[in-house]
Amino acid sequence: MFEIGNSLLEARSRRGVDFVQAELATKIRAKYLRALEEERFEQLPSQTYVKGFLRTYADYLGLDGQLYVDEFNSRFVVGDDVDSRARRPDSGPRRSSVRPERRTRRLETGIVLVAVAVVVIVTLVVVSAWQTSGSGGKAPAPTVKTHAAKKHTATRSTAYLQINAVKGPSYVLVHRNGPRGKLIFQGTIGKGRVEPFYQGKRFWVSLSSPENLIVIVGGKAVPLAGGKPVVLTVTPSGVHTG
């Protein structure tokens, strides 16, 4: 067990971030962020909002958002399923709502699906054997690229902006053109992930943990200072900090 509010406050203080900066980066109103740090969860609209805001705010501060949600659930959330069952009137012994006719139809449907699957498998085996025999015993090697391979190739060749999480996670915001432009990415990039951005060469980027990232613009890595959040303005002429 740990103090949710105090740990959020300490993480924000270490990074030198005020509520205005945090509100801009997370899109969560400052009064709700303050309520999370003071553990005044009743000031938020619902427990669903509390969990979502906790995960987003913790990830933005470089913490494990799911850990904070689990801690909130263990301390403040009562089992909804148990309560809902307790509020239901007792209507006596339950009876099966599935009629015999429906059970029979389901069984017949299952048999038909199994038969279709067997026919498909046999057909594929026959076609494969025929192709192998017609090509001198050697089946042609597949040449179709997977979707993941296509994305990987496109990422290396055409993405003007690319964010790689190499040392750890970081909360990232990406707007097109400027801070008031269209939001095209918001979330945590986990360690080992690569996020490419296409269509244009003007971006506004906010990074909560730049020390964990490698940012590549136009094929060149951008030097990043760690220890506190960084804002990058990307243009065709280069990259500007702040």
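Parameters and conventions
Once a new chain begins, its residue numbering starts again from 1 and follows that chain's sequence as written. Local features are withheld for residues below a pLDDT of 70 in this predicted model, meaning they are given only at 70 or higher, and side-chain atom pairs are given and counted only at 80 or more; totals for whole chains, interfaces and linings count all residues. Side-chain measures were taken over the full set of non-hydrogen atoms in the model, leaving aside hydrogen atoms and water. Only DSSP runs of H or I reaching four residues or more are called helices, and only runs of E reaching two or more are called strands; each is numbered from the N terminus. Only protein chains enter the accessibility calculation, which uses a 1.4 Å probe; a residue whose area is less than 20% of its type maximum is buried, one above 50% is exposed, and one in between is partly exposed. Using a 1.4 Å probe, the Shrake-Rupley method yields the accessible areas, and only the shown protein chains count as cover for residues. The term polar contact refers here to a pair of N or O atoms within 3.5 Å; inside protein, the definition further demands a hydrogen-donor-capable atom paired with an acceptor-capable atom, and it admits residues adjacent in sequence only when both atoms are side-chain atoms. Think of it as the arc spanned by the lines of direction from the helix axis to the C-beta atoms. When checking whether two residues touch, look at their non-hydrogen atoms; a contact exists if any pair is within 4.5 Å. Aromatic rings from Phe, Tyr and Trp, with only the six-membered ring used for Trp, were paired whenever their centres fell within 6.5 Å, and each pair was classed as stacked if the ring planes differed by under 30 degrees, edge-to-face if by over 60, and tilted otherwise. Note on pairing: DSSP must find at least two bridges between two strands before they are called paired. Axis geometry follows a simple rule: fit a line to the C-alpha atoms, using only the stretch in contact for helices, then measure angles between N-to-C directions, giving values from 0 to 180 degrees. By the definition adopted for this analysis, an angle is roughly parallel if under 35 degrees, roughly antiparallel if over 145, roughly perpendicular if from 65 to 115, and oblique otherwise. Under the scheme applied here, ten amino acids are nonpolar (Ala, Val, Leu, Ile, Met, Phe, Trp, Tyr, Cys and Pro), four are charged (Asp, Glu, Lys and Arg), and all others, including Gly, are polar.

Draft legend 1. Structural detail: the overall build of the protein chain. The helix and strand inventory of the protein chain stands at eight helices and nine strands. Taking all 242 residues of the protein chain together, 30% fall into the buried category. Within the structure as shown, the protein chain displays about 15,900 Å² of accessible surface, and the carbon and sulfur contribution to it stands at 56%.

Draft legend 2. Layout of the side chain of Asn212. Structurally, Asn212 can be placed in the loop between β5 (203–207) and β6 (213–217). Among the polar contacts listed, one links the side chain of Asn212 to the backbone oxygen of Pro169, at a separation of 2.9 Å.

Draft legend 3. Focus on helix α2 (residues 19–26). Along α2, the positions that sit buried rather than exposed are Phe19, Ala22, Ala25 and Thr26. Each buried residue of α2 sits inside an arc of 130 degrees when the element is viewed along its axis, so together they form one side. Buried residues in α2 make contact with α1 (4–15), α3 (30–37), α4 (47–60), β2 (170–176), β3 (183–189) and β5. The N-cap residue of α2 is Asp18: its side-chain oxygen and the backbone nitrogen of Val20 are 3.2 Å apart. In the stretch just after α2, Lys27 is the one whose phi turns positive, near 65 degrees.

Draft legend 4. Broad picture of the packing of aromatic side chains. Tallied over the full model, the rule gives eight aromatic pairs. Pairing Phe185 with Phe197 gives two aromatic rings, centres 5.9 Å apart and planes at 80 degrees, and the pair type is edge-to-face. On the criterion of sequence distance, the pair formed by Phe185 in strand β3 and Phe197 in strand β4 (residues 194–197) is long-range, its members being 12 residues apart. Among the residues examined, Phe185 registers a relative accessible area of 15% and is labelled buried. With a centroid separation of 6.4 Å and an interplanar angle of 55 degrees, the aromatic rings of Phe197 and Phe203 are classed as tilted.

Draft legend 5. Fine view of the pairing of strand β1 (residues 161–165). A large share of β1 lies buried, amounting to five of its five residues. What you see with β1 is no split at all: Leu161, Ile163 and Ala165 on one side and Gln162 and Asn164 on the other are buried throughout. Pairing between β1 and β4: four bridges, direction antiparallel. By the bridge assignment for β4, Gln162 is matched with Pro196. Taken together, the five bridges between β1 and β6 define a ladder with antiparallel strand orientation. Within the sheet, the bridge partner assigned to Gln162 lies in β6 and is Ile216.

Draft legend 6. Structural view of the sheet that holds strand β9 (residues 238–241). Taken together, five strands build an open sheet; the order of strands is β3-β2-β5-β8-β9 and the sheet is antiparallel. The open sheet is flanked by β3 and β9, the only strands paired with a single partner. Pairs of neighbouring strands in the sheet enclose a mean axial angle of 15 degrees, with direction left out of account. Where β2 meets β3, six bridges bridge the pair, whose relative direction is antiparallel. The partner of Val172 across the bridge, within β3, is Gly187. Strands in contact with α2 are β2, β3 and β5; relative to β2, the strand with the most contacts, it is inclined by about 70 degrees.

Draft legend 7. Here's a closer look at the packing of α2 against α3. Running from N to C, α2 and α3 point in directions that differ by 110 degrees, and their axes come no closer than 9 Å. One element, α2, and the other, α3, form an angle in the roughly perpendicular class. Here Phe19, Ala22, Glu23 and Thr26 of α2 come into contact with α3, specifically with Ala30, Leu33, Arg34 and Glu37. By residue class, the composition of the contact of α2 with α3 is four nonpolar, one polar and three charged.

Draft legend 8. Spotlight on the sheet that holds β6. Strands sit in the order β4-β1-β6-β7 across an open sheet of four strands; the sheet is antiparallel. The outermost strands of the open sheet, each flanked by one partner alone, are β4 and β7 (220–222). Sheet twist, expressed as the average angle between the axes of neighbouring strands with direction ignored, equals 25 degrees.

These figures come from the coordinates and say nothing about function on their own.
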